[in-house]
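One-letter residues, chain by chain:
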Amino acid sequence: MADRTHFGLTAIDTVPLHEKVYLELVRALMSGQFLPGQKLTSRKLAKELGTSDMPVRSAFMRLQALRALSPMPNGSVEVPVISAERFSQLTAVRTLLEGPATELATKLINGNNLRAIRRHCTELTLAARKGDIDDYLRKNHDFKFSIYRHCGNEQMIFLIETVWMQVGPFLRNLGMGFEDDLSSILDIDYHEEVVAAIEAQDGARARAAIVRDIDEGAAHILRQGKFPEARS
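Nothing here was measured: the structure is a model prediction, and the numbers come from that model. (Residues numbered from 1 in each chain as written. Predicted model: local features only at pLDDT ≥ 70, side-chain atom pairs only at ≥ 80, totals over all residues. Heavy atoms only, no water.)

**Q** Break down the layout of surface pockets for me, citing the residues and quoting the values.
**A** Over the atoms a probe the size of a water molecule is rolled, and this reveals where empty space is left. The volume enclosed by the largest pocket comes to roughly 250 Å³. If you trace the largest pocket, you find 15 residues lining it, with Leu23, Val26, Arg27, Arg149 and Glu161 closest to the centre. Mapped by element, the contributors of at least two residues to the lining of the largest pocket are helix H1 (17-30) and helix H7 (154-167). A per-element tally of the lining of the largest pocket places H1 first, with 8 residues. (1 Å grid on protein atoms, 1.4 Å probe; cavity = no way out; pocket = protein on both sides within 12 Å on 5 of 7 lines; lining within 4 Å. Points joined across faces, edges and corners; volume = space filled by probe spheres on them. Helix = DSSP H or I, 4+ residues; strand = E, 2+ residues; numbered from the N terminus.)

This is the structure we're talking about:
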């Protein structure tokens, strides 16, 4: 909702429509709302977003440049299907970026920020306990980025987002093996340990907890997920 001004007027939202569409698609990719191999058309997404084709096509072009989408011969795009090897490589990059980002953020997070992080932590736990993988993935994204965005390094955040756009669709495989009881996913989820370390202002411990969370989640996906077979 737009903020109210001193005179009680509603401030005008100056974010361009094409940027809003792009950010919405970025969020959907990072939070696993699109599936690997899923075909996307500008017309269908424009209808869902309540906009014209043009800003969606503009977003498609930007996302192709970041390797988050692949072009199709008919003008549509596809969410890439990546190999297990590439997923492992992206996971290694995640730990190199997200661990330090968490440690840096621990030094800069204030009381208001910490309250928001605690709320996201609680919402993530509740999503797992109610068995909603879509909500769990959204809350997982919200929790982690509520930390990373306080690291004080915009370039680091950009790189983390770029990697997440590529691995996000595969994070849906976190739910595989937990179909009967998604709450068991909390056994490989260390978000509460991350919050405890941030509260203690222990950056090294927070970094270790987020890296463990990434590594164990990725190991589960590599065991349970379906990846294309490596070419001989």
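Let us keep going from here.
**Q** I'd love a proper account of the nonpolar core, names of residues and values included.
**A** Formed by 65 residues in total, the largest nonpolar core has its most connected members in Leu63, Tyr136 and Met165. When neighbours within four sequence positions are excluded, Met165 is seen to be in contact with Tyr22, Val26, Leu29, Met30, Leu63, Leu66 and Ala68. (Core = buried A, V, L, I, M, F, W, Y, C linked by side-chain atoms within 4.5 Å. Buried < 20%, exposed > 50% of the residue type's maximum accessible area, 1.4 Å probe, protein only. Contact = heavy atoms within 4.5 Å.)

**Q** Quick one: what's the story with empty space enclosed by the protein, residue by residue and with numbers?
**A** The full count for this structure, using the stated rule, is 1 cavity of 30 Å³ or more. Forming the boundary of the largest cavity are 18 residues, of which Arg94, Leu171, Leu174, Asp213 and Gly217 lie nearest the centre. Here the element with the most residues in the lining of the largest cavity is helix H9 (residues 203-224); it accounts for 5 residues. Taken together, the residues that form the lining of the largest cavity break down as 11 nonpolar, 3 polar and 4 charged. (Nonpolar A, V, L, I, M, F, W, Y, C, P; charged D, E, K, R; others polar.)

**Q** Which residues make up unusual backbone geometry, and what values go with them?
**A** Notably, Arg67 is not glycine yet its phi reads approximately 65 degrees, a positive angle. Locating Arg67 in the fold gives a position in the loop between helix H3 (53-65) and strand E2 (70-71). One non-glycine residue with positive phi stands out, namely Gln201, at about 55 degrees. One can find Gln201 in the loop between helix H8 (191-199) and H9. The exposure class of Gln201 is exposed, given its relative accessible area of 62%.

**Q** Give me the environment of His220: which residues, what numbers.
**A** Inspection of the secondary structure assignment puts His220 in helix H9. Excluding its chain neighbours within four sequence positions, the residues that come into contact with His220 are Asn173, Leu174, Met176, Phe178, Ile188 and Gly225.

**Q** Provide a residue-level description of H3, including the pertinent values.
**A** Taking 1.5 Å of rise per residue, 13 residues should cover 18 Å, and H3 covers 19 Å from first to last C-alpha, within 8% of that figure. Among all positions of H3, only Pro55, Val56, Ala59, Phe60 and Leu63 are buried. Seen along its axis, H3 keeps its buried residues to an arc of 145 degrees; they face one direction. Of the exposed residues in H3, the ones pointing more than 90 degrees away from its buried face are Met54, Met61 and Ala65. Directly beyond the C-terminal end of H3, a positive phi value near 65 degrees is found at Arg67. (Expected span 1.5 Å × (residues − 1). Arc of directions from axis to C-beta.)

**Q** Could you give me a rundown of the packing of aromatic side chains, with the residues and numbers involved?
**A** In total, this model carries 5 aromatic pairs according to the counting rule given. Here the aromatic rings of Phe145 and Trp164 are separated by 5.1 Å at their centres, their planes lie at 80 degrees, and the arrangement is edge-to-face. On the criterion of sequence distance, the pair formed by Phe145 in helix H6 (residues 133-148) and Trp164 in helix H7 is long-range, its members being 19 residues apart. Here Phe145 falls in the buried class, since its relative accessible area comes to 1%. Overall, Trp164 belongs to the buried group, its relative accessible area being 0%. Both rings, one in Phe170 and one in Phe227, keep their centres 5.3 Å apart while their planes meet at 5 degrees; by these two values the pair is stacked. On the criterion of sequence distance, the pair formed by Phe170 in the loop between H7 and H8 and Phe227 in the segment after H9 is long-range, its members being 57 residues apart. Taken individually, Phe170 and Phe227 each receive the classification buried, so the pair is uniform in this respect. Following the ring pairs from residue to residue traces out a cluster consisting of Phe87, Phe170 and Phe227. Taking NZ or CZ as reference, Arg62 lies 3.6 Å from the ring centre of Tyr22, over its face. (Phe/Tyr/Trp six-rings, centres within 6.5 Å; stacked < 30°, edge-to-face > 60°. Lys NZ or Arg CZ within 6 Å of the ring centre and 35° of its normal.)

**Q** Describe in detail the packing of helix H2 (residues 42-49) against H3, supporting the description with residues and values.
**A** Close contact between H2 and H3 brings their axes to 8 Å; oriented N to C, the two are set at 120 degrees. The pairing of H2 with H3 is recorded here as oblique in orientation. Considering only the axes of H2 and H3, their crossing is right-handed. Contacts between H2 and H3 pair Ser42, Arg43, Leu45, Ala46 and Leu49 from the former with Asp53, Val56, Arg57 and Phe60 from the latter. Broken down by class, the residue content of the contact of H2 with H3 amounts to 5 nonpolar, 1 polar and 3 charged. (Axes fitted to C-alpha atoms, helices over the stretch in contact; angles between N-to-C directions. Parallel < 35°, antiparallel > 145°, perpendicular 65-115°, else oblique. Left-handed = near helix turned anticlockwise from the far one by under 90°.)

The values are spatial; any link to function lies outside them.
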